Each structure stands twice: as structure tokens, then as C-alpha cells.
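As a plain string of letters, each chain reads:
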Amino acid sequence: MTTTPESQTSQATQEGGDSVQVARPARPVRPHAGVASAVGSRLAAMLLGGACVAWTATPLVHKGLAQLALIVAIVAVAAGALRLALAEVPMPEDQYYLAGGVRTWLLVLGLLRAVAWEETAAVAILWLEIQHPVRPWHTAALGAGLLAYLLTTHIAESGAEAVPLLRRHAKLLVVGACLLALAAGFAMIPASASGAGSAILRVIAAAAVIAATALVLPA
């Protein structure tokens, strides 16, 4: 009687009990899931940067260094998005025998990776916001948008999963949002206000800062 490999494997499994296990075919790997996540985070960073520039540039201001800050912010956000898009492009170690055009391209690529574009964009956007009249809630929303822009850029660069990263920094993010709202609320109070009411507000502000520090410090 001829036995097939499947029957031999089944017989060995029955004789050996739990000591012998039949190898199961591995599940197919989905490489496109990681690629889609990386593309999504980079696209989100680009959109958030553009939204922050548009948010703080409206309405247009034609005084001081506002125009220069707007140009720097646009260039920095565009260069940061281009750097994220070309993150996987390799840099050869030996560039001596390469053609002139290739070396120029590698020089541009190295410049894109050497400059802190996102930080430059954040500084330019904040300076542009300063050129506008006082608008507390608008500025608070801009601060939240800049924080989301920098966090998304970090996720796109490091390849870290967004949910675990945000979970680890949940307390800090909540405290930052509360302080932004608190600062915007106090900025709405006229500077000439005085008396017992303003003293109570100062006490509330001090208590909020102490509570925020306690939440941020490790247990």
C-alpha cells in the first residue's frame, strides 16, 4: 500500500500526539499597508502646513516683515513636503565619478535634508501672526494647528504608529490644549481691568499652571 506525504504527516501527528505539529502555510504579507500609511502621513503633514500658512496669512498684511515671513513660510512648508516625499531616495557615498547633473541633484537633495524646514516654517508663521492685530482665539487655533503639523511630520519621518505615539503623550497634549484655551481666554480680558476680579483670575491662572506641571511630571 502506497502512502502519500500527507498521510505520513497525519500518521506521525496521531502517533506523536502534541509533540509533532503540522506546519501551516504562512499568511500573505501586505507590504502596501506600510506604504499607504507613510504616504498618508506625509500628505497630512503637507496639508497641515499649508493650512497653517493660509490660516495666519488671512487677511494679508502689508507692513513690517509680514511679506518676507509669508514667503519664508511658503518656501519652508513646500521644501519640508518635498523632503518627506524624497525620504527614500538613497545618497551614494562616492559622488566623484557621477555626472554633473546627478551631482547637482544630490546637492539639492542634501540641502533639503540638512535644513530644519518645519521649524523654520513654524517660526515664520508665528512671526506672521504677530503682525496681525490681537486675535486670541485665532492664535490659539493656529497653535493647535502648528502642533499637529510638527507631530505629523515627526510621525512621517520616524515611521512610528500614530495611535501609540499620541497615547504616550496624551497628558501633555491635553495640558497644552487647556493652556492654549486659558491663554486665549485671558487675552480677551481688557488690560485695564483691575480689582478683586482680576486678582481671582490671576489665582486661577497660577493654579492652572501648577496643575499642568503636576500632570506633565512623571508619577
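What counts and how
- Residues numbered from 1 in each chain as written.
- Predicted model: local features only at pLDDT ≥ 70, side-chain atom pairs only at ≥ 80, totals over all residues.
- Heavy atoms only, no water.
- Patch = residues over 30% accessible without salt bridge, like charges linked within 9 Å, V, L, I, M, F, W, Y side chains within 5 Å.
- Areas by Shrake-Rupley, 256 points an atom, 1.4 Å probe, with all protein chains shown as cover.
- Salt bridge = Lys/Arg side-chain N within 4 Å of Asp/Glu carboxyl O.
- Helix = DSSP H or I, 4+ residues; strand = E, 2+ residues; numbered from the N terminus.
- Expected span 1.5 Å × (residues − 1).
- Buried < 20%, exposed > 50% of the residue type's maximum accessible area, 1.4 Å probe, protein only.
- Core = buried A, V, L, I, M, F, W, Y, C linked by side-chain atoms within 4.5 Å.
- Contact = heavy atoms within 4.5 Å.

**Q** Before we move on, could you go through a nonpolar patch on the surface and cite the residues and values that matter?
**A** On the surface, L65, L68, V72, W127 and I130 cluster together into a nonpolar patch covering about 470 Å² of accessible area. Sorting the residues of the nonpolar patch by element identifies helix 3 (66-85) and helix 5 (117-130) as the ones contributing at least two each.

**Q** Kindly report on helix 6 (residues 136-158), identifying the contributing residues and their values.
**A** Its 23 residues give helix 6 an end-to-end C-alpha distance of 33 Å, which sits within 8% of 33 Å, the value for a rise of 1.5 Å per residue. Within helix 6 the residues assigned to the buried category are P136, H138, A140, L142, G145, L146, Y149, T152, T153, I155 and A156. Just beyond helix 6, the residue with positive phi is G159, at close to 75°.

**Q** Could you give an account of the pattern of salt bridges, naming the residues involved and the relevant values?
**A** Overall, the coordinates contain four salt bridges when judged by the stated rule. Measuring nitrogen to oxygen at the nearest pair gives 2.7 Å for the salt bridge that ties E118 to R83. Of this pair, E118 sits in helix 5 while R83 sits in helix 3; the two residues are 35 residues apart in sequence, bridging distant segments of the chain. Assigned by exposure class, E118 and R83 land together as buried. One salt bridge connects E157 with R83, and the closest N-O pair in it is separated by 2.5 Å. Here E157, found in helix 6, pairs with R83, found in helix 3; they are 74 residues apart in sequence, far enough to count as distant.

**Q** Lay out the nonpolar core with the relevant residues and their values.
**A** In a soluble, globular protein the nonpolar side chains are often hidden away together inside. Counting 23 residues, the largest nonpolar core has V53, I125, L128 and L146 as the members making the most contacts within it. Within the residue set of this core, elements represented by two or more residues are helix 2 (31-57), helix 3, helix 4 (100-114), helix 5 and helix 6. Counting residues per element, this core draws most heavily on helix 3, at seven residues. Apart from residues lying up to four places away in sequence, I125 is in contact with C52, V53, T56, A73, L142 and L146.

**Q** How would you sum up the side chain of Q131? Please name residues and give values.
**A** Position of Q131 among the secondary structure elements: in the loop between helix 5 and helix 6. Accessibility expressed as a relative area gives 11% for Q131, which makes it buried. Sequence-distant contacts of Q131, defined by excluding residues within four places in its chain, comprise V61, K63, G64, L65 and A66.

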